[in-house]
Amino acid sequence: MQSRLRVQGHPIQPMLVTFPLGLFVSTAVFDLTDVLGGPAFLGEVGYWTAVAALVAAALTAVAGMVDLWDVPGDHTRRTAVAFNLVNTVMAAMFLLTCLVRAHSPQRGASAAILITELVALAVGGVGVHLGARLMRQFDTGRAEAGGLDTLAGSTVEMPRPRP
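The structure displayed is predicted, hence computed values, not measured ones.

Student: How do you make sense of the overall build of the protein chain when you look at a structure like this?
Tutor: Each helix and strand counted, the protein chain has 6 helices and 2 strands in total. Scanning the protein chain from its N terminus toward the C terminus, one meets helices and strands in the order β-β-α-α-α-α-α-α. In the structure as shown, the protein chain presents an accessible area of about 10100 Å², 68% of it carried by carbon and sulfur atoms.

Student: I tried to follow the packing of helix 2 (residues 18-35) against helix 3 (residues 41-68) on my own but got confused; where do I start?
Tutor: The description of two helices packed together rests on the angle between their axes and the distance between the axes. Contact geometry for helix 2 and helix 3: axes closest at 8 Å, N-to-C directions at 165°. Classified by the angle their axes make, helix 2 and helix 3 are roughly antiparallel. Considering only the axes of helix 2 and helix 3, their crossing is left-handed. Along the contact surface, helix 2 presents Phe19, Pro20, Leu23, Phe24, Ser26, Thr27, Phe30, Asp31, Thr33 and Asp34, while helix 3 presents Leu42, Gly43, Val45, Gly46, Thr49, Ala50, Ala52, Ala53, Leu54, Ala56, Ala57 and Thr60. Here the residues of the contact of helix 2 with helix 3 are counted per class, giving 13 nonpolar, 7 polar and 2 charged.

Student: How should the nonpolar core be read in this particular structure?
Tutor: When a protein is soluble and globular, its nonpolar side chains tend to lie buried together. Of all hydrophobic cores here, the largest spans 21 residues; its most connected members are Phe24, Leu54, Met90 and Phe94. Those elements giving two or more residues to this core turn out to be helix 2, helix 3, helix 4 (75-101) and helix 5 (111-138). Among the elements that line this core, the one with the most residues is helix 4, at 8 residues.

Student: In this structure, what is going on with the confidence of the model for the protein chain? I would like to understand it.
Tutor: Close inspection of predicted coordinates is inappropriate for parts of the model with low pLDDT. For the protein chain, the mean per-residue pLDDT works out to 81, and 79% of the residues sit at or above 70. Mean pLDDT across the secondary structure elements of the protein chain bottoms out at helix 6 (residues 149-152), with 45, and peaks at helix 2, with 93.

Student: Mind showing me how you'd approach helix 2 here?
Tutor: Along an α-helix, residues three or four apart share an orientation, since each turn contains 3.6 residues. In a regular helix each residue adds 1.5 Å, so 18 residues correspond to 26 Å; helix 2 covers 26 Å between its end C-alpha atoms and thus fits that length. Every buried residue of helix 2 is listed here: Pro20, Leu21, Phe24, Thr27, Ala28, Asp31 and Asp34. With its buried residues spanning 145° around the axis, helix 2 presents them on a single face. A positive backbone phi angle near 105° is found at Gly37, which sits one or two residues after helix 2.

Student: What should I look at first to understand the packing of aromatic side chains in this one?
Tutor: The geometry of an aromatic ring pair is captured by two quantities: the separation of the ring centres and the angle between the planes. One pass over the full model with this rule turns up 2 aromatic pairs. Measuring from centroid to centroid gives 4.9 Å for Tyr47 and Trp48, while their planes differ by 80°, and the two rings are edge-to-face. Residue class for Trp48 comes out partly exposed when judged on its relative accessible area of 44%.

Quick notes on the rules
Residues numbered from 1 in each chain as written. Predicted model: local features only at pLDDT ≥ 70, side-chain atom pairs only at ≥ 80, totals over all residues. Heavy atoms only, no water. Helix = DSSP H or I, 4+ residues; strand = E, 2+ residues; numbered from the N terminus. Areas by Shrake-Rupley, 256 points an atom, 1.4 Å probe, with all protein chains shown as cover. Axes fitted to C-alpha atoms, helices over the stretch in contact; angles between N-to-C directions. Parallel < 35°, antiparallel > 145°, perpendicular 65-115°, else oblique. Left-handed = near helix turned anticlockwise from the far one by under 90°. Contact = heavy atoms within 4.5 Å. Nonpolar A, V, L, I, M, F, W, Y, C, P; charged D, E, K, R; others polar. Core = buried A, V, L, I, M, F, W, Y, C linked by side-chain atoms within 4.5 Å. Buried < 20%, exposed > 50% of the residue type's maximum accessible area, 1.4 Å probe, protein only. pLDDT = per-residue confidence, 0-100. Expected span 1.5 Å × (residues − 1). Arc of directions from axis to C-beta. Phe/Tyr/Trp six-rings, centres within 6.5 Å; stacked < 30°, edge-to-face > 60°.

In structure tokens, the structure reads:
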């Protein structure tokens, strides 16, 4: 099974999913620093980082929905649907924190917002696990002709140095 959206044979959605995840983690780091007494502007930086992450998550969700059309109707499809739902829940939790912060003048973080973001990141961790499972299911038995995989199988073995 191959994704409809590809760049030089590689699916786009797994590449895109790293952007919202990284931005969501950055949001939590900025907000943690703000809550612990760092400079006040870090709360606003965290807010705008979350907004950028939500835009990236929306683009990733579109790519995921296009890929979902081609997933066979077996356990792989259930995993793909669960992956997309988990990532949607994570994005919805960050959207909730952004909506709460949008009406405050400095858009700073609070302890409740930070806890919500940390729970959302834990949910995102489940999404990372499901995404890794999907990649293993999609790439089973797939080796590109002429690639390094054809030389030594799908793994590269490195000898251990002798003591």
